[in-house]
Amino acid sequence: MEREFRLILGEDLANYLELIRAKLAFAEELYGIKMNYVPLITEGEIVILDKNDGKIKWLKNKRPLTLEEFTALADKIKENLESGYVEMLLAMNMSCVHGPGE
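In this report, the structure presented in the accompanying data block is examined. Because the structure is predicted, anything quoted here is derived from the model rather than measured. (Residues numbered from 1 in each chain as written. Predicted model: local features only at pLDDT ≥ 70, side-chain atom pairs only at ≥ 80, totals over all residues. Heavy atoms only, no water.)

### Some points on unusual backbone geometry
Right, on to step 1. Here lysine 62, not a glycine, exhibits a phi torsion of approximately 60°, which is positive.
Right, on to step 2. Here lysine 62 lies in the loop between strand S3 (56–58) and helix H3 (67–82).
Right, on to step 3. Assessed through its relative accessible area of 36%, lysine 62 is described here as partly exposed. (Helix = DSSP H or I, 4+ residues; strand = E, 2+ residues; numbered from the N terminus. Buried < 20%, exposed > 50% of the residue type's maximum accessible area, 1.4 Å probe, protein only.)

Right under this line is the structure:
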């Protein structure tokens, strides 16, 4: 994650986003399914975290957010991370995956 984004989001939440990327990679390795994105904002225009490059992007065109766009959306991203909303979305997707032998 870019330094400016880490400063705006805060070190703890930036590290938490890295943990979420690791969870996606683990799920892919364990279950053999590809989950490339985690939604960070789902109201209006959807904003995602891309597992492959760690960038925060618009879902509609996969374009990374500019610093100005990120600054404008940072409070909502923080709220969704701190409330557990993003983790809930990730967990909901995991429950749709059948593990080995199922």
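Next comes the rest of the account.
### A look at the packing of aromatic side chains
Right, on to step 1. In this structure the tally under the stated criterion is one aromatic pair.
Right, on to step 2. Seen in terms of ring centroids, phenylalanine 5 and phenylalanine 70 are 4.3 Å apart; in terms of plane orientation they differ by 5°. Their pairing is stacked. Taken together, the residues span a long stretch of sequence, with phenylalanine 5 in helix H1 (residues 3–9) and phenylalanine 70 in helix H3 at a distance of 65 residues.
Right, on to step 3. Note on phenylalanine 5: relative accessible area 6%, which makes it buried.
Right, on to step 4. Geometry around tryptophan 58 places lysine 60 over its ring, the cationic atom sitting 5.9 Å from the centre. (Phe/Tyr/Trp six-rings, centres within 6.5 Å; stacked < 30°, edge-to-face > 60°. Lys NZ or Arg CZ within 6 Å of the ring centre and 35° of its normal.)

### Some points on the side chain of lysine 51
Right, on to step 1. Looking at where lysine 51 falls in the secondary structure, it is placed in the loop between strand S2 (47–50) and S3.
Right, on to step 2. Those residues within four positions of lysine 51 in sequence are excluded, and the remaining contacts are Arg21, Leu24, Ala25, Glu28, Met35 and Asn36. (Contact = heavy atoms within 4.5 Å.)

### Section: H3
Right, on to step 1. Spanning 16 residues, H3 covers 21 Å between terminal C-alpha atoms, matching the ideal 22 Å at 1.5 Å per step.
Right, on to step 2. Of all bends in H3, the biggest is about 50°, found at leucine 73.
Right, on to step 3. Every buried residue of H3 is accounted for by Phe70, Ala74, Ile77, Asn80 and Leu81.
Right, on to step 4. Of the residues one or two after H3, glycine 84 is the one with positive phi, at around 90°. (Expected span 1.5 Å × (residues − 1). Bend = angle between axes of the 7 residues up to and from the residue.)

The values are spatial; any link to function lies outside them.
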